[in-house]
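One-letter residues, chain by chain:
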Amino acid sequence: MNDESESTWMPLAVAEYVDRDEQLLSQLEGLLVLSGGRDELVTPEQIASETDVSVAASTDVFRQLSQTDAITRESFRTSVEDSAYRVNVEECRGVFERARHASRSVNAYEARQPPATEATPLVTFPSDPAFEDVSPTSFGMAWLMPTLTRQVKRSESSITLVAPFFEKDGFAHLEEVLFAAMDRDVEVRIISRYLTDTESYNYSVLKSFAKRADERGIDLSLLTCVDYTRWNAETPSAQRRQDGATPEFTLHAKIMLFDERSAYVGSANVTDYGFEHYLETGVLLEGPPVEGFVDLVRFLRNSEAATTVSLLD
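Quick caveat, the model's predicted, so the values are computed rather than measured.

A.B. asks: Whenever I open this one, the overall build of the chain confuses me. Can you help?
C.D. replies: Broken down by element type, the chain carries 10 helices and 12 strands. In summary, the chain has a C-alpha radius of gyration of 30 Å against a globular reference of 20 Å for 313 residues, an excess of more than 25%. For the chain, the C-alpha atoms occupy an extent of roughly 95 × 45 × 40 Å along the three principal directions. Within the chain, the proportion of its 313 residues that are buried is 44%. Counted over contacts in the chain with a minimum sequence separation of 6, partners at least 24 positions apart contribute 69%. Surface exposure of the chain reaches about 16,400 Å², of which carbon and sulfur atoms provide 48%. Positive and negative charge centroids in the chain, built from 29 and 53 side chains respectively, lie 3 Å apart.

A.B. asks: Got a minute to help me understand the environment of R98 in this structure?
C.D. replies: Relative to the assigned elements, R98 resides in helix α5 (residues 89–112). For the pair formed by R98 and I190, sequence separation is 92 residues and the distance between their alpha carbons is 53 Å.

A.B. asks: Honestly, the nonpolar core in this entry has me stumped. Any pointers?
C.D. replies: Nonpolar side chains in soluble globular proteins tend to end up buried together. Among the nonpolar cores identified, the biggest contains 39 residues, and F166, F171, I190, L223, M256 and Y264 are the most heavily contacted of them. Among the elements of the structure, α6 (144–154), β5 (158–162), α7 (168–183), β6 (187–192), α8 (201–215), β7 (223–230) and β9 (255–258) are those that each provide at least two residues to this core. Element by element, the count of residues in this core is highest for α7, at 7 residues. Setting aside its immediate chain neighbours within four residues, F166 contacts L161, F171, I190, S192, Y201, N202, V205, L206 and V270. Membership of the second largest hydrophobic core comes to 24 residues, among which are L24, A70, V95 and F96.

A.B. asks: When you look at the pattern of salt bridges in this model, what are you seeing that I'm missing?
C.D. replies: Oppositely charged side chains can pair when the atoms bearing their charge come close. Taken as a whole, this structure holds 17 salt bridges when the rule is applied. The shortest N-O distance in the salt bridge between E187 and R189 comes to 3.6 Å. With relative accessibility at 32%, the residue E187 sits in the partly exposed group. With a shortest N-O distance of 3.2 Å, D295 and R298 are connected by a salt bridge. Highlighted residues: D295 and R298, both in helix α10 (residues 290–301), separated by 3 residues, approximately one helical turn. Overall, the relative accessible area of 46% leaves D295 in the partly exposed class. Its relative accessible area of 41% is what places R298 among the partly exposed residues.

Conventions and cut-offs
- Residues numbered from 1 in each chain as written.
- Predicted model: local features only at pLDDT ≥ 70, side-chain atom pairs only at ≥ 80, totals over all residues.
- Heavy atoms only, no water.
- Helix = DSSP H or I, 4+ residues; strand = E, 2+ residues; numbered from the N terminus.
- Rg over C-alpha atoms; globule rule 2.2 N^0.38 Å.
- Buried < 20%, exposed > 50% of the residue type's maximum accessible area, 1.4 Å probe, protein only.
- Contact = heavy atoms within 4.5 Å.
- Areas by Shrake-Rupley, 256 points an atom, 1.4 Å probe, with all protein chains shown as cover.
- Lys, Arg positive; Asp, Glu negative; His and termini not counted.
- Charge placed at Lys NZ, Arg CZ, Asp CG, Glu CD.
- Core = buried A, V, L, I, M, F, W, Y, C linked by side-chain atoms within 4.5 Å.
- Salt bridge = Lys/Arg side-chain N within 4 Å of Asp/Glu carboxyl O.

Shown next, in the form of C-alpha cells:
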C-alpha cells in the first residue's frame, strides 16, 4: 500500500474506532508514545486497561497501526489482542496527529448537515381477541401510550396538547405525568374546542385537572387552556355551545408537542378508548418536520378564533 493511500484513509479509520473522540485519541497516543520512549513492548489489552478505550476498539486500532511503521509486532500470540508491539514514536505521533485532523474535518462536516428526521410509528390495539397474539413490533411499531408518557417525562420547557375531544378516564392516562412535568416548571398548553362553554364536557375535564393541580400546590400559571371555535356571526350567544349550533370553524387535529423538539400526530382522541381500546395509529416525529407543527400551533394560538379560558374562576 502506498504512502498517499495510507495517509488518506488509515488515520480516519483509527479515529472512527474511538468515535472520533479527540480525548481518547490523545489517551492512546500518550500511552503508546510513553511505551515507545521506554522501548517497552505493549499490547492492545494493556492499552485498554489504562484508558477509556475498550479492548475491542484498542485491538482494532492496533490492527490499523500495524499496517504502518507506527508499531511493529514483536511477540506473536494467538490473537492481535494478546500480541505485543514495539512503538515507533515519531511515526506514531504523525498518525495520531492526522487522525485528530481527520476527526475535526469529519465532525465539522457532519455538524453542517441538516438534522435527520426520525419517525416512530405508534399504535393502540383494539380490544379484539384477534390481536392477542401480536404486538406493535410485529408491524414495526411502538405502543402509543408509553411513548407519549416517556416524551412528557423528557420534556424540560413546554408540552402542547391539541385535541378536539377530552374524556375523564382518557385524560387520567396523562394526568400524573403532566403534574410531574408542571412540578418541574414545564409549561402545559392545551388547545381544544367548546372550552368557552362552561357546560361542555371538555371544559369539565380540564377544570377538574386544574382543580387537582391547584390542590397539589402546582403553579397554575404554567397551565394555559385555549379554545379554538369560531362561530358564525349570526349564531345567537345561547347557541354557541357544545350541544348548540354547529361552529363555522373548529379543530379536529390531534397533536402533542414536546419542547418543540418532537411531535406526536395521530388519530387518537384524549379518551380511554383512544388510548386503550380502539385501533389508533400515529407517528412520533423528531427533526425538521416538527418545526411545521410548532408554527401551526403558534398560528392557531394567535388566531382571531382563539380564546384563552380561565378554569378556576
